[in-house]
Amino acid sequence: MTTTPAPALDPRADIVDLTAAIVDIPSVSGDEQALADAVEQTLRTHAPHLTVIRDGDTVIARTELGRATRVVMAGHLDTVPVADNLPSSRRTRDGREELVGRGTCDMKGGVSIFLALAVETTDPDVDLTWIFYDHEEVAKADNSLTRIARTHPEHLQGDFAILGEPTSAGVEGGCKGTMKLEVTARGVASHSARDWVGDNAIHHLAPVLERLAAYEARRAVIDGLEYRECLNAVAITGGIAGNVIPDRAAITLNYRFAPDTSPDRAEAHVRELLKDCDVEIEVTDSAAGALPGLDTPPAREFLAALGDDVTVAAKQGWTDVSRFAELGTPAVNFGPGDPLLAHTDDEHVPLEDLRQALAALRRWLEPAGR
């Protein structure tokens, strides 16, 4: 059996060229090995100052300089499925140069910047841990950080963490929590021509939909950042045939809650909202949010290095900053690309975003700039 060698990456190439090379290695969730091999080979070849660890399809690289502070820089290798948007291409639109293709925004732009910096940053004022990980775009249980947090939590520990999620080269603090719930109504099946014999489960969901439609979501301001909560029906099922009164119907809810709310409180809130509705409620998945974490010394130094023009906002989705928060490590999101373009068929990243984010992180990591 022959193994295809990992594609060669040049970490000292122009950041746009490096990003294109990384994007052009397909890595849909579950198929990250080729890209993980390429990242590992690049680090082992070009970064003798780093201790490189391979854990499944996750590559971890660490400095061991004995610094008082350790910063973790993490980026996921996987993408959602390709939509006829590979290989990458370049275009100019409305006077702006863009790199187009699956993963350019979410988040191979961030990965390329981290890989370049991991190679070139040999004597930082802080110890650095670089994590290039797999299975982020799927269920939490499959995310490699879940496994590593359980088996080798020391690999994730630090005083501050940066996730390379797309933020248009601004800072997005913390993240919202997320919860999925199954709301089920029961009835009695019968022939639809004799509906008085049955009890229509779908009709029992009407009060649930009415309450969701009238729901006014909370806006929480935490450390000056506004998190907008969202509670929505995202799927509805019920019925087996056009002539049968359904005896079961269900609505799937997705609740995105502010990071000052625990999953237990979030569940209690939904149950209170749907109180007196004749339904069963089951939480099928949940993950806590993360507070902004911008008041720690490393975070303040990071913001100062970025300069007064950097935008600082709340992260309106869920990201793996939550995992670091669970380990007691404050974390922020910072990377090239507009998060609204993640997962879209027209996924792209402005070339200026790549260059701006790289330059900002260089300023922060260079001792002269600290």
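Structure: see above.
Residues numbered from 1 in each chain as written. Predicted model: local features only at pLDDT ≥ 70, side-chain atom pairs only at ≥ 80, totals over all residues. Heavy atoms only, no water.

A. Just the overall build of the chain, in detail. A tally of helices and strands in the chain yields 10 helices and 19 strands. The globule rule puts the C-alpha radius of gyration for 370 residues at 21 Å, and the 23 Å found for the chain is close to it. If one aligns the C-alpha atoms of the chain with their principal axes, the spans along those axes are about 80 × 50 × 50 Å. Per-residue burial for the chain yields a buried fraction of 50% across its 370 residues. Within the chain, contacts between residues at least 6 apart in sequence are counted, and of these 78% link residues at least 24 apart. Charged side chains in the chain number 35 positive and 60 negative. The centres of these two groups are separated by 1 Å. (Helix = DSSP H or I, 4+ residues; strand = E, 2+ residues; numbered from the N terminus. Rg over C-alpha atoms; globule rule 2.2 N^0.38 Å. Buried < 20%, exposed > 50% of the residue type's maximum accessible area, 1.4 Å probe, protein only. Contact = heavy atoms within 4.5 Å. Lys, Arg positive; Asp, Glu negative; His and termini not counted. Charge placed at Lys NZ, Arg CZ, Asp CG, Glu CD.)

B. Quick look at the sheet that holds strand 18 (residues 331-334). On the basis of which strands lie adjacent, the open sheet formed by eight strands has the order 1-2-6-3-7-18-8-17 and mixed pairing. The sheet terminates laterally at strand 1 (51-55) and strand 17 (312-314), the two strands that pair on one side only. The mean angle between the axes of side-by-side strands here comes to 25°, regardless of whether they run parallel or antiparallel. Relative to strand 6 (residues 127-133), strand 2 (residues 58-62) runs antiparallel, the two sharing four bridges. Residue pairing in the sheet places Ala-61 in a bridge with Trp-130 of strand 6. (Pairing = 2+ DSSP bridges. Axes fitted to C-alpha atoms, helices over the stretch in contact; angles between N-to-C directions.)

C. Looking closely at unusual backbone geometry. Of note, the amide linkage connecting Leu-86 to Pro-87 takes the cis form, showing an omega dihedral of -5°. Cis geometry is found at the peptide bond from Asp-106 to Met-107, where omega equals -10°. As for its position among the elements, Met-107 is in helix 3 (residues 104-120).

D. Structural detail: the packing of helix 3 against helix 10 (residues 351-365). Two elements in contact, helix 3 and helix 10, have axes separated by 10 Å at closest approach and are oriented at 35°. Relative to helix 10, the crossing made by helix 3 is right-handed. On helix 10, the residues touching Gly-109, Ile-113, Phe-114, Leu-117 and Glu-120 of helix 3 are Leu-354, Ala-357, Leu-358, Leu-361, Arg-362 and Leu-365. Taken together, the residues of the contact of helix 3 with helix 10 sort by class into eight nonpolar, one polar and two charged. (Left-handed = near helix turned anticlockwise from the far one by under 90°. Nonpolar A, V, L, I, M, F, W, Y, C, P; charged D, E, K, R; others polar.)

E. The arrangement of the pattern of salt bridges in detail. Summed over all chains, the structure comprises 25 salt bridges. Here Asp-55 ties to Arg-147 by a salt bridge, and the two come within 2.9 Å at their closest N and O atoms. Of the two residues, Asp-55 sits in strand 1 while Arg-147 sits in helix 4 (residues 144-151), which places them 92 residues apart along the sequence. Looking at Asp-55, the relative accessible area reads 14%, which means it is buried. (Salt bridge = Lys/Arg side-chain N within 4 Å of Asp/Glu carboxyl O.)

F. Structural detail: the sheet that holds strand 16 (residues 280-287). A sheet is described by the order of its strands in space; here four strands give the open sequence 13-15-9-16, paired in antiparallel fashion. Two strands lie at the open edges of the sheet, namely strand 13 (230-238) and strand 16, each paired on one side alone. Geometrically, the sheet is characterised by an average inter-axis angle of 20° between neighbouring strands, direction not taken into account. With 10 bridges connecting them, strand 9 (residues 177-186) and strand 15 (residues 248-257) associate as antiparallel partners. Residue pairing for strand 15: Ala-185 is matched across the bridge by Ala-249.

G. Region of the structure containing helix 8 (residues 297-306). Along helix 8, the positions that sit buried rather than exposed are Pro-298, Ala-299, Phe-302, Ala-305 and Leu-306. Considered in projection along helix 8, the buried side chains sweep an arc of 125° and stay on one side of the axis. Tucked inside the fold, the buried residues of helix 8 contact strand 7 (160-163), strand 8 (171-173), strand 18 and helix 10. Taken from the residues just after helix 8, Gly-307 is the one with a positive phi, measuring 95°. (Arc of directions from axis to C-beta.)

H. The packing of aromatic side chains, seen in detail. Considering all chains together, one arrives at six aromatic pairs under this definition. With 5.0 Å between their ring centres and 65° between their planes, Phe-302 and Trp-364 make a pair best called edge-to-face. Taken together, the positions of Phe-302 in helix 8 and Trp-364 in helix 10 put the pair 62 residues apart, joining distant regions of the chain. Each member of the pair, Phe-302 as well as Trp-364, carries the same accessibility label: buried. Within the aromatic cluster, the residues linked to one another by ring pairs are Phe-160, Phe-302, Phe-334 and Trp-364. (Phe/Tyr/Trp six-rings, centres within 6.5 Å; stacked < 30°, edge-to-face > 60°.)

I. Main features of the nonpolar core. In this structure, Leu-43, Trp-130, Phe-132, Ile-162, Phe-302, Leu-361 and Trp-364 are the most contacted members of the largest nonpolar core, which totals 61 residues. No other element matches the nine residues that helix 3 contributes to this core. Contacts of Phe-302, omitting those with residues within four sequence positions, involve Phe-160, Ile-162, Val-171, Val-332, Phe-334, Leu-361 and Trp-364. Met-179, Val-183, Tyr-215 and Phe-257 belong to the second-largest nonpolar core, a separate cluster that totals 21 residues. (Core = buried A, V, L, I, M, F, W, Y, C linked by side-chain atoms within 4.5 Å.)

J. Geometry of the pairing of strand 2. Summarising burial for strand 2: five of the five residues are buried, a large majority. Side chains Thr-58, Ile-60 and Arg-62 project from strand 2 onto one buried face, and the interleaved Val-59 and Ala-61 project onto a second face that is buried too. Bridge analysis of strand 1 against strand 2 gives five bridges, and the strand direction is antiparallel. Following the sheet pairing, Arg-54 is matched in strand 2 by Val-59. Taking the residues that link successive antiparallel strands as the turn, the strand 1-strand 2 hairpin has two residues, and the phi of Gly-56 there is positive, at about 65°.

K. View of the side chain of His-155. Along the chain, the position of His-155 falls in the loop between helix 4 and strand 7. Sequence-distant contacts of His-155, that is, excluding residues within four places in its chain, are made with Ile-53, Ile-60, Arg-62, Thr-129, Ile-131 and Ile-148.

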